[in-house]
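Okay, here's what each chain looks like letter by letter:
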Amino acid sequence: MINKIIDGICIALNEEFGDDYTIYTENIEQGLKEPCFFVQCINPTNNLFRGNRYRRTNQMCIQYFPSTEDEQTECNAVSEKMFDCLEWIDVDGLQMGLDMHSEIVDKVLNFFVDYNFFTKKVKDEQAMEHMKHQTGVRG
């Protein structure tokens, strides 16, 4: 499901910013083409809620690497657009982003958003085979 969330984020970013912005989902050692986004899940959790229901929390970090000399202004403008385009993403239906916030560290925008949902673990129950049983009363 994490990969589907990352795909949904990438689609939303591409629709908002267009093809001029590269979107990475894997680490890049060399050749980072700016402006670009780097999308990753940084803190997934899976907690028992009740019975066989689990609450999954997926904290996502989207980093934006600006391309101009005026990094602060560019990062602020991108952050404003990200609040809007990442509020709802398509992950097998609409998924709402929660706890959105951003910060600029070392001229890079770090945008955080959580996509939380519930799952249900279904045990693989094996059906019993049919058995014939005949009873009777003596006497």
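Calculation notes
- Residues numbered from 1 in each chain as written.
- Predicted model: local features only at pLDDT ≥ 70, side-chain atom pairs only at ≥ 80, totals over all residues.
- Heavy atoms only, no water.
- Helix = DSSP H or I, 4+ residues; strand = E, 2+ residues; numbered from the N terminus.
- Buried < 20%, exposed > 50% of the residue type's maximum accessible area, 1.4 Å probe, protein only.
- Polar contact = N/O pair within 3.5 Å; in protein donor to acceptor, adjacent residues only side chain to side chain.
- Contact = heavy atoms within 4.5 Å.
- Patch = residues over 30% accessible without salt bridge, like charges linked within 9 Å, V, L, I, M, F, W, Y side chains within 5 Å.
- Areas by Shrake-Rupley, 256 points an atom, 1.4 Å probe, with all protein chains shown as cover.
- Salt bridge = Lys/Arg side-chain N within 4 Å of Asp/Glu carboxyl O.
- Expected span 1.5 Å × (residues − 1).
- Phe/Tyr/Trp six-rings, centres within 6.5 Å; stacked < 30°, edge-to-face > 60°.
- Lys NZ or Arg CZ within 6 Å of the ring centre and 35° of its normal.

## Comments concerning the environment of glycine 31
Relative to the helices and strands, glycine 31 resides in the loop between β1 (22-24) and β2 (36-50). Accessibility expressed as a relative area gives 66% for glycine 31, which makes it exposed. Sequence separation between glycine 31 and isoleucine 5 is 26 residues; the distance between their C-alpha atoms is 26 Å.

## Section: the side chain of glutamine 63
With respect to the helices and strands, the residue glutamine 63 is situated in strand β3 (residues 53-65). A distance of 2.9 Å separates the side chain of glutamine 63 from the side chain of asparagine 110, its partner in a polar contact. Excluding anything up to four places from it in sequence, glutamine 63 contacts Cys36, Phe37, Phe38, Gln40, Val108, Leu109 and Asn110.

## Focus: a nonpolar patch on the surface
On the surface, Trp88, Leu94, Met96 and Leu98 cluster together into a nonpolar patch covering about 400 Å² of accessible area. Structurally, the position occupied by methionine 96 is in strand β5 (residues 94-96).

## Let's talk about helix α1 (residues 2-17)
With 16 residues, α1 should reach 22 Å at 1.5 Å per residue; the first-to-last C-alpha distance of 22 Å fits that figure. Where α1 is concerned, the buried positions are Ile5, Ile6, Gly8, Ile9, Cys10, Ala12, Leu13 and Phe17. On its buried face, α1 sits against β1, β2, β3, α2 (71-85), β4 (88-90) and β7 (108-120). At the exit of α1 stands glycine 18, carrying a positive phi of roughly 90°.

## Topic: the packing of aromatic side chains
Given two aromatic rings, their pairing is described by the distance between the two centres and the angle made by the two planes. Within this structure, the stated rule accounts for seven aromatic pairs. Considering the side-chain rings of phenylalanine 17 and phenylalanine 37, the 5.0 Å spacing of their centres and the 50° angle between planes classify their relative orientation as tilted. In this pair, phenylalanine 17 is assigned in helix α1 and phenylalanine 37 in strand β2, connecting sequence segments 20 residues apart. Judged by relative accessible area, phenylalanine 17 falls into the buried class, the value being 10%. The interplanar angle of 35° and the centroid separation of 6.2 Å between the aromatic rings of tyrosine 21 and tyrosine 64 together place this pair among those described as tilted. In this pair, tyrosine 21 is assigned in the loop between α1 and β1 and tyrosine 64 in strand β3, connecting sequence segments 43 residues apart. For tyrosine 64, a relative accessible area of 0% corresponds to the buried category. The structure contains a cluster of three or more aromatic residues connected by ring pairs, namely Phe17, Tyr21, Phe37 and Tyr64. Cation over ring: arginine 53 sits above phenylalanine 118, and NZ or CZ is 4.8 Å from the ring centre.

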